[in-house]
Amino acid sequence: MEYDFLKIEKMDGITIMKVSAPKSLNALNSTILREIGDFVDNIDETTRVLIVTGDGEKAFVAGADIVEMQNLNEEQGFEFSQLGARAFRHLETLDIPVIAAINGYALGGGLELAMACDIRLASSKAKFGQPEVGLGITPGFSGTYRLAKLVGQGYAKEMIFTCKTINAEEALRIGLVNAVYEPEGLMTQALVMAQKMVANAPLALKYAKECINESYDMYADDAIELESKNFGHCFATQDQKEGMTAFLEKRKPIFNAR
Ligand code: DAK
């Protein structure tokens, strides 16, 4: 499918998905949300790591599109929320690692998009916030859930209740992002991290991601059981044979595509 608001670039197992609506600082309208949903639903088998970023130097994504949301009624508000929530949940549960390269404003739905990714790398110019209650709404693409999960309820409530915007240094301090780079180095660093992941066994990555994602909402015994099951599944893969044989033969492993 051709996209109006997504730019897709592919290289050596890595795909970059760039949200591109420069006139509104990449704000998410329903067409963009549908396009993200479609892209994630149909991601091809050659993609081993996905990088999500925003077009331009100013914004990752400056939120959901306020122009479109302005006149929604209750039912349409629910549908709009579901569109984003569904696409972001599928992104979060993709069986490959997803890195957000946050190049500027990540506000509202933009921060929610970044939080649906596995890892967040930020430009030193990035700014983060959930300004929804100042617009008369709650975060609608799972921000209340994921922000509290990432930074703890206290700080999440402070950000959401006060609409405070924080800079990259503060985001790093509270664990919202993994690392901060100068703007010109951000994509290079995202690619370096992605290449390290591409070099590892795809099915083992998939099982490890599933364990980390699922175990958050499980009892300890269930989480430990899931890890044992997935550990066992690895021994049915060619990648396990190759990984261990390569180690013993003192060479680099060559892993199968996923
Ligand atoms: N929506 C639509 N247009 C936006 C936008 C947005 N979120 N953010 C920026 N723009 C547009 C501006 O209106 C402006 O358009 P023109 O005037 O040029 O036509 C253009 O982008 C450039 O923005 P500024 O002129 O304002 O640029 P500044 O550098 O002065 O300021 C800013 C940059 C990012 C600080 C500022 O634009 C800003 O505060 N933007 C709004 C940020 C925001 O509040 N984002 C959160 C949106 S609410 C739900 C579903 C989803 C959500 C909630 C509920 N359900 C249905 C339950 C999620 C909600 C949100 O994400």
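Look above for the structure.
Residues numbered from 1 in each chain as written. Predicted model: local features only at pLDDT ≥ 70, side-chain atom pairs only at ≥ 80, totals over all residues. Heavy atoms only, no water.

S.K.: Mind showing me how you'd approach the overall build of the chain here?
M.R.: Helix and strand counts for the chain stand at eleven helices and ten strands. Its C-alpha radius of gyration of 19 Å places the chain within 12% of the 18 Å reference for a compact globule of 258 residues. Overall size of the chain, expressed as C-alpha extent along the three principal axes, is 60 × 40 × 35 Å. The buried share among the 258 residues of the chain stands at 45%. Considering only contacts within the chain whose residues lie at least 6 apart along the sequence, 70% involve residues at least 24 apart. Accessible surface for the chain amounts to roughly 13500 Å². Of this, 54% is attributable to carbon and sulfur atoms. (Helix = DSSP H or I, 4+ residues; strand = E, 2+ residues; numbered from the N terminus. Rg over C-alpha atoms; globule rule 2.2 N^0.38 Å. Buried < 20%, exposed > 50% of the residue type's maximum accessible area, 1.4 Å probe, protein only. Contact = heavy atoms within 4.5 Å. Areas by Shrake-Rupley, 256 points an atom, 1.4 Å probe, with all protein chains shown as cover.)

S.K.: Whenever I open this one, the pairing of strand β7 (residues 119-123) confuses me. Can you help?
M.R.: Walk down a regular strand and you will see the side chains alternate between the two sheet faces. Of all five residues in β7, five are buried; the element is thus mostly enclosed. In β7, alternate side chains face the same way, and those of Ile-119, Leu-121 and Ser-123 on one face and Arg-120 and Ala-122 on the other are all buried. Taken together, the four bridges between strand β5 (residues 98-102) and β7 define a ladder with parallel strand orientation. Its bridge partner being in β7, Ile-99 is matched across the sheet by Ile-119. With three bridges connecting them, β7 and strand β10 (residues 179-181) associate as parallel partners. The residue bridging Leu-121 from the neighbouring strand is Ala-179, located in β10. (Pairing = 2+ DSSP bridges.)

S.K.: So what exactly am I meant to see when it comes to the site of the ligand here?
M.R.: Surveying the vicinity of the ligand reveals 25 residues, the closest of which are Lys-58, Ala-62, Ala-64, Gly-77 and Gly-109. The contact in question runs from an oxygen atom of the ligand to an N or O atom on the side chain of Lys-58, over 2.5 Å. At 2.7 Å from an oxygen atom of the ligand is found a main-chain nitrogen or oxygen belonging to Ala-64. Protein coverage of the free-state accessible area of the ligand, which is 1100 Å², stands at 64%. Taken together, the elements giving at least two residues each to the shell around the ligand come down to α2 (66-69), α3 (74-92) and β6 (105-107). When residues in the shell around the ligand are grouped by element, the largest group, three residues, is from α3. Residues that form the shell around the ligand fall into these classes: 13 nonpolar, eight polar and four charged. (Near = heavy atom within 4 Å. Polar contact = N/O pair within 3.5 Å; in protein donor to acceptor, adjacent residues only side chain to side chain. Nonpolar A, V, L, I, M, F, W, Y, C, P; charged D, E, K, R; others polar.)

S.K.: Help me understand the environment of Ala-208, please; the structure alone is not making it clear to me.
M.R.: Locating Ala-208 in the fold gives a position in helix α9 (residues 202-215). For Ala-208 and Glu-68, which are 140 residues apart along the polypeptide, the C-alpha to C-alpha distance reads 39 Å.

S.K.: Help me understand the pattern of salt bridges in this model?
M.R.: When the charged atoms of two side chains lie near each other, side chains of opposite charge can form a pair. Using the criterion set out here, one finds ten salt bridges in the structure. Glu-92 is the salt-bridge partner of Arg-89, the closest N and O atoms lying 2.7 Å from each other. A residue pair is termed a helical-turn pair when its members lie 3 or 4 positions apart in one helix, as Arg-89 and Glu-92 do in helix α3 at three residues. Under the relative-accessibility criterion, Glu-92 is labelled buried at 7%. (Salt bridge = Lys/Arg side-chain N within 4 Å of Asp/Glu carboxyl O.)

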